[in-house]
Every structure is written in structure tokens, then in C-alpha cells.
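# Chain and residue survey
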Amino acid sequence: MTLAPPRPDVGRARTTGPDSEPLAEPNASAPRPPAPPPEHYQRYHIDTRHMPDRADLPTRFRVEVNRFELAKLLFKEIREYWGDWDVVLSRPCVYGVFSGPVGGFAPRPHLCVGCLRCTIQHPEAVTIRRNPQWQAWGDEYLKPAMVETLQQEAALGAVPVKGQGYRGRMGGPGWDGIWTDMSEIVRPTRDGIHGRETISTVVDLGAKPMYLRFDAAGMPAGETPAVSQVQLPMVLDMPPVHAMTPTIAAIWAATAHDLQTLALLPLRVMREEGLSGSQLVPVVGPGLGDPAGLAELARAPRMVEITDAALADEVRAAAPAAQVALRLPFAPGWRDALLGAIAQGLRVIHLTADYHGRGDGAFIRDLVIEAHTLLVEQGLRDQVTLIGGGGVVMAEHVPKAIICGLDAVSLDTPLLLALQFQPDGSMESRETARFVAPPGLEGDTDWGVQRLKNLCCAWRDQLLEILGAMGIREVRRLRGELGRAMFQEDLQREAFGGIDGFGD
Ligand code: SF4
């Protein structure tokens, strides 16, 4: 059997074995450390490093003190606990909010956890309020507490572990309505999580025909495999229009290079900034760039994304070696557009919802399940790569999105929030979202690249945790594994469906 010669970019990831090769440098102006030589096997690893915040997040709570009442309280406590100064100085807050040099007369709200003990016990002296400045760091979908988590992950490179057990809700709308099957019984080992064995997070992007055809001379005829690998099932989506600066473009390019994944950027921006490289996916379409501009890139891309299937032929002519991906919003008519694009020969589809995960009247979770199921029913699923994005804002959303049927996830707002861009109003779409950049970011790509690497490492660790707990050795096998998830609605229906009033 003779197979077609491999595409230039196929199988060049570092962890695929001794024949791996380094990815190309992002561009001449932003050199990155070279990857190991091809003969040197190295397991995939993301270098994390503590990268402190540039801007301080506001405190969650405001601690307001009535000083006269506090003085009365203090006087009473001193009399009651005379000599036991630790007790006197820690009250009424065991978290130290009132234990500064001048006690409660200068409270330390950054230590407040909002337990409300002080205000319940001494309402005349202390009032706890939510801080509206803190609430401005987020919107109705990506809440400030989530932003706090994202920024910790970006600073530390690890998913925050909180003591006292989980205090949040056990279910909810959207992604929170999915519970993953992490039974101890199906858990063979944690070796993959602790690095003694490998759990692969490599995904294949591209055309995977179900069978090969050969002509009379024994040469392949028809569609042949054209697959490119990335080390993470996460790609960096185009930044919002309002945040699309040269520094952000440089951070995207360098981060994708270091993580051995892909970053999507408007072709126009790549040309303006002189960016090119196999880790960069130029996006072509109205306002983003013209297909003819692909020929002007210093390095040919391995993938080009188009916003309209009608551009496919023009892109193939301008960049014949590149895989062509279609960016397809979840808008009315997306099902026909999806099947039409596949019939037209497109094999990578990037499905997008808005930043709140909404599209065509449903949440991205249900839309992805529908797209995956549609392709399974049509016998097309294994030939096509589905990337999806919009509303994926927490580490656990990535494995859940893959379980629903995606091969890889595109990341959007979490990347900017990891860089401490402060939302200016609701973040609903790439076109309308507004942000305030953190101080001193312009021109300092190293800080930004490390923050994004930390974030992606934390999210990958979360993915490995779920894969390890399920006993799955590679993320490719997680795709569409709906049997490994439980849906809150289904369980509630099973448990309470026969009871009067259920569902009212
Ligand atoms: S709400 Fe709790 S943590 Fe905050 S100041 Fe009062 S006692 Fe301390």
C-alpha cells in the first residue's frame, strides 16, 4: 500500500516520538527558544513560572465600621478578656480583618471571606457589603469569582485548590448541568496524572477519510489523510476587535508556538505585524483579510480559516498546502451550512457561539451535541474535525465540551482576563466586547506569554485529572463520550418525573 507523502506540518509535535521536529519560529522579531533536536525525545511539558498580577483586583467585600460602636465593643471585650490579647485583637473576625495595627479602626477588607459573622453578631458596629468595583470584573456569564480563578491560574499555573470542601452549587444551567463519571471503580491508576505514564492531549486536525482508494497504478486516488497535530485540544481564538493590538498579536503568536498549538489571527493583522509561522492560522474574510494576501506571508500557514465557504477555492489557490477551515457561527441555518461545507470538501469546521455560549436559541453545550450527533447520523463524524468556542470559560468546560462532541476548543475571553484586561460592560461578542488593558502591558510580551502558558497548563492539568479518573489514555477518545457524563436534567427527570408538580 502506498500512502501519499506526508504534509510538511503533519506529525511534528515534540512528544510524538523521536522523529518529531520543532515548529517554526513565530517571526523574526520575537525569537523563541528553539525546541529540542528531532532525535531527542521529550515528553510534552508546559513550563510554568509564578507570574504575579499587574493590577490588583478589588476586594470582594467592603467592610464598613461604625467607629463609635466599635470602640464601645472593644472596651467591653478588653474588660471581658483582659490579658488574653490574641482573643481581643482577633474579634469579631477570626480571619484577621480587624487585627491590623489599629484593629477595626482600619479594617483589612482583602482578608474578608464574607462569612458575615461580624455583622450578624455586631450589626451596630460592622456592615459588610459587596464591592461594586469587584463585580465590574466580569459580567452575567463570566462572573467575577470566575475571573478571580482565571487570574490565579494565570499567576500560578495550577488550578486553585480550595479548602473546606466545595461550597458552590452542585448543578446549574449550561456546563454546570454536566457531571463527569469519575468513579473510583473505573480508575485504574493515577500514574498519568502524576507523570509516570503519559496521557496524551494531542489532537488531530484535518481530513481523515474513512478509506483509501487507489488507481490502476497503485497510487492513491481521491481524498487522502491530511492531518496536522497540536499538543493541546485548545487553540487561541481571535482576540476581540477592541483588544486587537500588536502586543496581543505577538503574545498570541509566541504562546501558540511555546504550547505547540494554534493561534487564530486576522490575516490583515498578521501582514501588518509581519507575523507568520506554522502555529498561526490566518483568518480570511470581510474585514479580516483577503485570500490574495496569503501569498505575502513569510511562511506558508498550515491552516487557513475562512468565514465564508465561498472563499475556499480562492484560499486553496493562494495557499495550496494549507488545510482550509470554515468558521461557522451557530446561527439559523447552521446545520445545512455544516453539511454543505463538508460536501464541498472542507474537513475542519470551527463552530462558534457568542461569548456567553449562545447561538440559534440554545446553549453551546446542546448545539455541540446536536452537531456531533448530526454528523454521526450522516456517517461523517470521523472524517471531520470540529473545533468549537464561545462560553468555554473555566478549566472544566474544556473536557465537558469535548465529551459533548468537539475535537478541540477555541479559547477567547479567558485569555484576555488572564492578562488582566478589565471588562468594560458585558462581554457578549467579539465585535462588541470592550476592555481596559492592564498597566504596562504594551511592549511586554514575556509577561503575557507566561500568563497564558500558566493558564493553559492549569487547564490541561484539569483535563488530565478527568482523563485519569476515567481511565482514558488520550483525549481523542473522550470526544463524544456522552456515556461518561451525566446530565442534571436527565437525572432529575428519572428521579422526580412521576411526581406531581415536577417540571411546572
Ligand atoms: S464577614 Fe466574616 S471574614 Fe468578613 S470581616 Fe466579617 S467576620 Fe471577618
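For the structure given in this document, a descriptive report is provided here.

Parameters and conventions
Residues numbered from 1 in each chain as written. Predicted model: local features only at pLDDT ≥ 70, side-chain atom pairs only at ≥ 80, totals over all residues. Helix = DSSP H or I, 4+ residues; strand = E, 2+ residues; numbered from the N terminus. Contact = placed C-beta atoms within 7 Å. Buried ≥ 20, exposed ≤ 12 C-beta atoms within 10 Å, placed from the backbone. Pairing = 2+ DSSP bridges. Right-handed = clockwise from strand over helix to strand, strands pointing away. Near = placed C-beta within 6 Å. Nonpolar A, V, L, I, M, F, W, Y, C, P; charged D, E, K, R; others polar. Axes fitted to C-alpha atoms, helices over the stretch in contact; angles between N-to-C directions. Parallel < 35°, antiparallel > 145°, perpendicular 65-115°, else oblique. Expected span 1.5 Å × (residues − 1). Core = buried A, V, L, I, M, F, W, Y, C linked by C-beta atoms within 7 Å. Left-handed = near helix turned anticlockwise from the far one by under 90°.

Looking now at the overall build of the protein. Looking only at helices and strands, one finds 15 helices and 20 strands in the protein. Here the analysis covers contacts within the protein between residues at least 6 apart in sequence; of these, 63% occur between residues at least 24 apart.

Here we come to the pairing of strand β17 (residues 408-411). The alternating pattern of β17 places A408 and S410 and V409 and L411 on opposite faces, both of which are buried. Sheet topology note: the strand β8 (residues 234-236)/β17 ladder contains 3 bridges and is parallel. Considered in β17, the bridge of M234 is made with V409. Where strand β16 (residues 385-389) meets β17, 3 bridges bridge the pair, whose relative direction is parallel. The partner of G389 across the bridge, within β17, is S410. As a crossover connection, the stretch from β16 through helix α12 (residues 397-404) into β17 is right-handed.

Here strand β9 (residues 263-266) shows a buried face lined by A263 and L265 and a second buried face lined by L264 and P266. Bridging between β9 and strand β10 (residues 280-284) involves 4 bridges; their strand directions are parallel. Bridged to A263 within β10 is L280. Between the parallel elements β9 and β10, the chain passes through helix α8 (residues 267-273) in a crossover that is right-handed.

It is worth spelling out the site of the ligand at this point. Taken together, V63, C93, Y95, V97, C112, V113, G114, C115, L116, R117, C118 and I128 make up all the residues around the ligand. Broken down by class, the residue content of the shell around the ligand amounts to 10 nonpolar, 1 polar and 1 charged.

The phi dihedral of L116 is positive, around 70°, even though this residue is not glycine. Among the secondary structure elements, L116 is positioned in the loop between α2 (85-90) and α3 (117-121). What makes L116 exposed here is the crowd of 12 C-beta atoms within 10 Å. In this model, Q420 sits at a positive phi of 65°, which is unusual for a non-glycine residue. Mapped onto the elements of the fold, Q420 is located in the loop between α13 (413-418) and β18 (422-423). A residue is classified by how many C-beta atoms lie within 10 Å of it, and Q420, with 26 of them, is buried.

With that out of the way, let us pick up the packing of helix α5 (residues 144-156) against helix α14 (residues 445-470). The relative placement of two packed helices comes down to the angle between their axes together with the axis-to-axis distance. One can describe the packing of α5 onto α14 by two numbers: an axis separation of 6 Å at closest approach and a directional angle of 105°. Classified by the angle between their axes, α5 and α14 sit roughly perpendicular to one another. Residues L150, E153, A154, A155 and L156 of α5 form the contact with α14, whose participating residues are R451, N454, L455 and A458. Of the residues belonging to the contact of α5 with α14, the class tally is 6 nonpolar, 1 polar and 2 charged.

With that settled, consider helix α11 (residues 364-377). Between its terminal C-alpha atoms α11 stretches 20 Å, which fits the 20 Å expected from 14 residues at 1.5 Å a residue. Taken residue by residue, α11 has I364, R365, L367, V368, A371, H372 and L375 as its buried positions. At its buried positions, α11 is contacted by α10 (334-343), β13 (348-352), β14 (358-359), β15 (362-363), β16 and α12.

Within the largest apolar cluster, 106 residues are counted, with the highest numbers of intra-cluster contacts made by A263, L265, V304, V315 and I349. Look past the residues within four positions of I349 in its chain and what remains in contact with it is A325, L326, L328, L338, A341, V384 and L386.

Here we come to the packing of helix α7 (residues 246-259) against α14. At a minimum axis separation of 9 Å, α7 and α14 run at an interaxial angle of 45°. Here α7 lies oblique to α14, going by the angle between them. Regarding α7 and α14, the two cross each other, and that crossing is right-handed. In this structure, α7 uses T247, A250, I251, A254, T255, D258 and L259 to contact α14, whose residues at the interface are T445, G448, V449, L452, K453 and C456.

On to the environment of D313, then. Relative to the elements of secondary structure, D313 occurs in helix α9 (residues 312-318). Each C-alpha atom, one on D313 and one on Q344, is 10.0 Å from the other, the two residues being 31 residues apart in sequence.

Within the element layout of this structure, F487 appears in strand β20 (residues 485-487). Classification of F487 by C-beta neighbours within 10 Å gives partly exposed; the count is 16.

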